[in-house]
Amino acid sequence: MQHVVLVGLGHAHLYVGSRAAQFRREGLRLTLIDDGEFWYSSIGSGMLGGRYERADDVIDAEAFATRHGIDFIKGRAVSIDRTARDVVLGDGTRVPYDFLSLNVGSHVSPPFSISGDGIWSPKPISDLLQLREDLKGRFQRGDRVRWITVGGNHSGCELTLNAMALARAEGGNLDAALVSADVDLIGNEPVGARKAMRNVLEAAGCRVMCDTYVNAIEEKVLTLADSSEMPFDVAMVATGLQPSALVTACELDHNESGLIVTSYLQSPDDDRIFAVGDCASIRGYNLPKVGVFGVRASPVLTENLMARAADEPLRAYKPQKIWFAALNLGDGTGLASWGSVWWRGKSALALKDWNDRRFMELYR
Ligand SMILES: Cc1cc2nc3c(=O)[nH]c(=O)nc-3n(C[C@H](O)[C@H](O)[C@H](O)COP(=O)(O)OP(=O)(O)OC[C@H]3O[C@@H](n4cnc5c(N)ncnc54)[C@H](O)[C@@H]3O)c2cc1C
């Protein structure tokens with residue numbers, strides 16, 4: 001039996017894994033390696049704000065694998081030995097493969113030095129729950145919390161608004177500021193949506209500072225490029241997502257966006273290795289790191305893994321040019337966009353909520 005190994009239970013591998021019966025029919029054995037849980041980023045900010053609970057946001061990887069009859073190995077892949085065709089785990093375990101698929105996601109690595117405590121980032125999503133409890137404790141003690149977000153893109157804005165929502169719900173005192181090096185918030189959205197986001201943040205009482213560079217975050221003080229200092233209790237560093245460190249450890253061609261793959265989602269250096277989602281960089285495209293691309297690529301990945309094992313032609317994945325994006329503004333409304341069309345209101349949040357819950361129900 002040829003052995004297909006999936007590393008990381010990301011968005012695309014949820015789909016691939018749910019097709020395990022099809023792999024078995026093709027005479028393929030499927031193994032999933034994951035460090036424990038899939039967390040759905042789309043509702044991470046809402047979890048911080050108190051709208052969602054842990055159970056809404058998480059899928060246990062072992063339970064998922066068992067349900068689909070997939071072999072499961074709990075662990076963190078640290079390198080790939082391509083000569084031996086082994087995935088090497090943190091504890092030294094080696095998992096042999098015939099074909100390998102990587103869906104290991106991304107992390108935040110800011111372009112300035114950080115040290116000290118009180119510093120958080122949007123990933124891992126599970127930390128947002130810990131942050132919620134941390135904030136609640138401070139609010140209950142009556143502390144005034146000085147919150148600074150660094151980064152004015154989707155996750156930075158959404159997390160700020162949801163932290164403010166939590167403070168309102170808990171009767172807490174949160175002083176929020178958002179600092180961004182970009183001239184505008186949520187830069188790739190239509191102009192009207194960008195203005196609306198700024199208005200929503202300012203109306204909620206957040207100080208928005210665009211075109212402002214951070215030099216360092218050290219010991220509860222954020223230093224700006226002009227040397228001015230902003231003391232804080234909580235700093236949320238949302239400066240963008242970088243591909244998982246496993247990408248560099250693979251010793252395959254990669255760039256700052258991820259492991260380079262062709263439109264077949266296959267490494268041009270090693271046709272037994274596939275990659276998808278935030279850890280991959282599809283040749284000829286410069287895609288933002290959003291989960292929707294992994295979701296849409298997953299049927300193509302499934303077909304291609306089976307086709308490669310059978311030595312049949314592969315299918316090309318063509319990323320869509322526009323996609324649905326929706327942000328939870330923490331006040332019962334959302335800001336949604338589809339290409340150049342955008343709107344704000346309860347319906348935008350309701351649509352996001354329906355979409356997100358449906359996705360989680362599919363794989364739970
Ligand atoms: C706050 C926030 C909100 C967001 N909202 C949205 C949104 O509304 N819509 C949207 O489309 N995108 C959103 N994004 C972007 C989205 O998070 C990413 O694009 C998406 O998570 C990438 O999915 P993925 O499948 O590549 O990896 P992930 O979903 O991150 O999955 C990677 C998996 O691999 C596992 N793993 C990682 N490394 C290893 C290893 N070495 N060995 C074994 N297992 C490993 C992890 O535990 C995890 O289970 C948001 C991001 C943030 C931070």
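What counts as what
Residues numbered from 1 in each chain as written. Predicted model: local features only at pLDDT ≥ 70, side-chain atom pairs only at ≥ 80, totals over all residues. Heavy atoms only, no water. Helix = DSSP H or I, 4+ residues; strand = E, 2+ residues; numbered from the N terminus. Buried < 20%, exposed > 50% of the residue type's maximum accessible area, 1.4 Å probe, protein only. Areas by Shrake-Rupley, 256 points an atom, 1.4 Å probe, with all protein chains shown as cover. Expected span 1.5 Å × (residues − 1). Arc of directions from axis to C-beta. Phe/Tyr/Trp six-rings, centres within 6.5 Å; stacked < 30°, edge-to-face > 60°. Near = heavy atom within 4 Å. Polar contact = N/O pair within 3.5 Å; in protein donor to acceptor, adjacent residues only side chain to side chain. Nonpolar A, V, L, I, M, F, W, Y, C, P; charged D, E, K, R; others polar. Pairing = 2+ DSSP bridges. Axes fitted to C-alpha atoms, helices over the stretch in contact; angles between N-to-C directions. Core = buried A, V, L, I, M, F, W, Y, C linked by side-chain atoms within 4.5 Å. Contact = heavy atoms within 4.5 Å. Disulfide = S-S within 2.5 Å.

(A) A look at the overall build of the protein chain. For the protein chain, the count of helices and strands is eleven helices and 27 strands. Taking the principal axes of the C-alpha coordinates as reference, the protein chain spans close to 60 × 40 × 40 Å. Across the 364 residues in the protein chain, those meeting the buried criterion constitute 52%. Surface exposure of the protein chain reaches about 15900 Å², of which carbon and sulfur atoms provide 47%.

(B) Here's a closer look at helix α11 (residues 346–363). Relative to the 26 Å expected for 18 residues at 1.5 Å per residue, α11 spans 26 Å between its end C-alpha atoms, a close match to the ideal helical length. The complete set of buried residues in α11 reads A348, L349, K352, D353, D356, F359, M360 and Y363. The buried residues of α11 all sit within an arc of 130° when viewed along its axis, so they share a single face. Projecting away from the buried face of α11 at angles above 90 degrees are the exposed residues K346, W354, E361 and L362.

(C) Quick peek at the packing of aromatic side chains. This structure, assessed with the given rule, holds five aromatic pairs. The interplanar angle of 45° and the centroid separation of 6.4 Å between the aromatic rings of F38 and F359 together place this pair among those described as tilted. Remark: F359 occurs in helix α11 and F38 occurs in strand β3 (residues 37–39); sequence separation between them is 321 residues. Taking the relative accessible area as the measure of exposure, F359 reaches 10% and is therefore buried.

(D) Quick peek at the site of the ligand. Within the structure, the ligand sits among 29 residues, and H11, D35, S41, A77 and D278 are positioned closest to it. The separation between an oxygen atom of the ligand and a polar main-chain atom of E37 is 3.2 Å. Contact distances for the ligand include 3.4 Å between a nitrogen atom and a side-chain N or O atom of R76. Computed on the free molecule, the ligand has an accessible area of 990 Å², of which 88% lies beneath the protein chains in the complex. Grouping the amino acids of the shell around the ligand by side-chain chemistry returns nine nonpolar, twelve polar and eight charged.

(E) View of the sheet that holds strand β21 (residues 254–255). Strand order in the open sheet made by the three strands is β21-β22-β24, with mixed pairing throughout. What marks the edges here is a single partner per strand, and that holds for β21 and β24 (280–282). Of the strand pairs in this sheet, strand β22 (residues 258–261) and β24 are connected by three bridges, and their pairing is parallel. Pairing of L259 across the sheet is with A280, part of β24.

(F) Quick look at the sheet that holds strand β27 (residues 341–345). On the basis of which strands lie adjacent, the open sheet formed by three strands has the order β25-β26-β27 and antiparallel pairing. Sheet topology places β25 (324–328) and β27 at the edges, where each strand pairs with a single neighbour. Neighbouring strand axes in the sheet, compared pairwise and without regard to direction, differ in orientation by 10° on average. Taken together, the five bridges between strand β26 (residues 334–338) and β27 define a ladder with antiparallel strand orientation. Bridging from a neighbouring strand, A336 pairs with W343 of β27.

(G) Up close: the nonpolar core. Ranked by size, the top nonpolar core spans 98 residues in total, and within it V87, L102, L135, W147 and L174 carry the most contacts. Setting aside residues no more than four positions away along its own chain, L102 makes contact with V7, H13, I80, L246, C250, L259, F274, A275, V276 and C279. With 15 residues, the next largest nonpolar core counts F112, V214, A235 and V237 among its residues.

(H) Here's a closer look at the state of the cysteines. A complete count under the given rule lists zero disulfides for this structure. Of the cysteine sulfurs around C210, a residue in no disulfide, the closest is that of C157, at 8.0 Å. With no disulfide of its own, C250 lies 8.3 Å from the sulfur of C279, the closest cysteine sulfur.

(I) Representation of unusual backbone geometry in the model. Of note, the bond from K123 into P124 is cis; its omega dihedral lies within 30 degrees of zero at 0°. Inspection of the secondary structure assignment puts P124 in the loop between β12 (119–120) and α6 (126–140). Unusually for a residue other than glycine, K220 sits at a positive phi of about 65°. For K220, a relative accessible area of 28% gives the class partly exposed. Positive phi is not limited to glycine here, since L265 has a value of about 70°.

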